Amino acid sequence: MSRLNLTGKVAIITGGASGIGKSIATALAKEGVSLTIADIDAEAARGTVQQLEQVNPAATYIPIETNVTDAASVAAMVEGTLEQFGKINILVNNAGINVPRLLVDPAGKEELDEATFDKITAVNQKGIFLCSQAVAREMISRGEGGVIVNMASEAGLEGSEGQSAYAGTKGAIYAYTRSWAKELGKYDIRVVGCAPAILEATPLRSVDYEQALAYTRGITVEGLHESYEEVAVPLGRVGRLDEVADLVCFLASDMASYITGTVVNISGGKSRG
Ligand SMILES: NC(=O)c1ccc[n+]([C@@H]2O[C@H](COP(=O)([O-])OP(=O)(O)OC[C@H]3O[C@@H](n4cnc5c(N)ncnc54)[C@H](O)[C@@H]3O)[C@@H](O)[C@H]2O)c1
């Protein structure tokens, strides 16, 4: 038996239909965890579930169309999961968006406006509040503890040129993780986070995203790609999604039973934004 002891557990992964979330889903499925893939993209969530059924047919997977910024939608995510599985052991708050903008753009092209600020904050910050509250209520009433894993980013501590609104929401995740760990420890609910830096590309790194980020840094998209390679990563390479997924499996498992209130950096040693 794996020392992770995850077999038979139930997890919700927000944003589980793409990129890091899908990689986490795959790793947890291999450990025998049954999953709710909660994503705003219903079709992608259904596709992910079909793939997970091939990865490990012994566990059960359901897609639930969820908008983490909407309390009613989050309530339906929790209800649908309980209806199917009867319990929730793990919540992975992974859904997140990033829209690069400058605080001030004298050219008026890519300046941070209120609507963009509100949109990023709604998904990355309000979303983890709504999901954590709804799931923690359920974990407390069941009385068997649980684990909440929050997806931060190295940018949350280091800041990031052209991505201040995003970095702000990720910095807040450190504070939520520490605060909720203090509040929920007495219920045996651990709250942890992980903070990746530069990873292999996911759909988050869209054409629009890269064009805007390159603009905010005064370089071309090609220059941006070169900067990913040139940036000082002591391990000399970008991170793989499955490496982040392995960290989440560990943090969610009994092997991490005394770890709470902390965000683990997974950056290959990179420590400057
Ligand atoms: N990719 C990286 O290099 C990197 C680095 C550090 C942190 N992160 C964080 O990891 C997380 C996942 O990033 P990714 O690169 O896999 O992105 P991604 O775009 O590939 O996946 C994000 C998923 O979230 C879903 N989503 C978006 N808005 C939603 C909403 N309102 N409700 C529910 N689901 C929603 C999307 O449909 C998508 O499936 C994010 O929180 C991101 O900030 C990513």
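Residues numbered from 1 in each chain as written. Predicted model: local features only at pLDDT ≥ 70, side-chain atom pairs only at ≥ 80, totals over all residues. Heavy atoms only, no water.

(A) The arrangement of the site of the ligand in detail. Near the ligand you find 26 residues, and of these Ser18, Ile20, Asp39, Tyr166 and Thr202 are the closest. Ser18 places a side-chain nitrogen or oxygen 2.6 Å from an oxygen atom of the ligand. Thr66 places a main-chain nitrogen or oxygen 3.3 Å from a nitrogen atom of the ligand. Isolated, the ligand exposes 830 Å² of accessible area, and the fraction of that covered by the protein chains is 90%. Looking at the shell around the ligand, the elements that each hand over two or more residues are helix 1 (19-30) and helix 6 (164-184). Here the residues of the shell around the ligand sort into 14 nonpolar, 9 polar and 3 charged. (Near = heavy atom within 4 Å. Polar contact = N/O pair within 3.5 Å; in protein donor to acceptor, adjacent residues only side chain to side chain. Areas by Shrake-Rupley, 256 points an atom, 1.4 Å probe, with all protein chains shown as cover. Helix = DSSP H or I, 4+ residues; strand = E, 2+ residues; numbered from the N terminus. Nonpolar A, V, L, I, M, F, W, Y, C, P; charged D, E, K, R; others polar.)

(B) A look at empty space enclosed by the protein. As enumerated under the stated definition, the model contains 1 cavity of 30 Å³ or more in all. Considering the residues around the largest cavity, the lining is formed by Thr14, Val68, Asn93, Asn94, Ala95, Val123, Gly127, Ile128 and Cys131. Looking at the lining of the largest cavity element by element, the count peaks at 4 residues for helix 4 (residues 114-142). Its residues placed into classes, the lining of the largest cavity shows 5 nonpolar, 4 polar and no charged. (1 Å grid on protein atoms, 1.4 Å probe; cavity = no way out; pocket = protein on both sides within 12 Å on 5 of 7 lines; lining within 4 Å. Points joined across faces, edges and corners; volume = space filled by probe spheres on them.)

(C) Quick peek at the layout of surface pockets. Its volume calculated, the second largest pocket comes out at about 220 Å³. Taken together, 13 residues make up the lining of the second largest pocket; nearest its centre are Lys9, Gly146, Val147, Asp188 and Asp254. Grouping the constituent residues of the lining of the second largest pocket by class yields 3 nonpolar, 5 polar and 5 charged.

(D) The packing of helix 7 (residues 207-216) against helix 8 (residues 221-230), seen in detail. Their axes nearest at 8 Å, the elements helix 7 and helix 8 cross at an angle of 85°. The orientation of helix 7 relative to helix 8 falls into the category roughly perpendicular. Contacts between helix 7 and helix 8 involve Tyr209, Glu210, Gln211, Leu213 and Ala214 from the first element and Val221, Leu224, His225 and Tyr228 from the second. Residue composition of the contact of helix 7 with helix 8, grouped by class: 6 nonpolar, 2 polar and 1 charged. (Axes fitted to C-alpha atoms, helices over the stretch in contact; angles between N-to-C directions. Parallel < 35°, antiparallel > 145°, perpendicular 65-115°, else oblique. Contact = heavy atoms within 4.5 Å.)

(E) Quick peek at the nonpolar core. Membership of the largest hydrophobic core comes to 35 residues, with the highest contact counts inside it found for Ile24, Leu28, Leu35 and Ile37. Where this core is concerned, the elements lending two or more residues are strand 1 (10-14), helix 1, strand 2 (34-39), helix 2 (42-55), strand 4 (90-93), strand 5 (146-151), strand 6 (189-196) and helix 9 (241-252). For this core, the element with the highest residue contribution is helix 9, accounting for 8 residues. Excluding anything up to four places from it in sequence, Leu28 contacts Leu6, Ala11, Ile13, Val33, Leu35 and Cys249. The next biggest cluster of nonpolar side chains, apart from the first, holds 28 residues, and it includes Val78, Leu91, Ala134 and Ile189. (Core = buried A, V, L, I, M, F, W, Y, C linked by side-chain atoms within 4.5 Å. Buried < 20%, exposed > 50% of the residue type's maximum accessible area, 1.4 Å probe, protein only.)

Keep in mind these numbers describe shape, not what the thing actually does.
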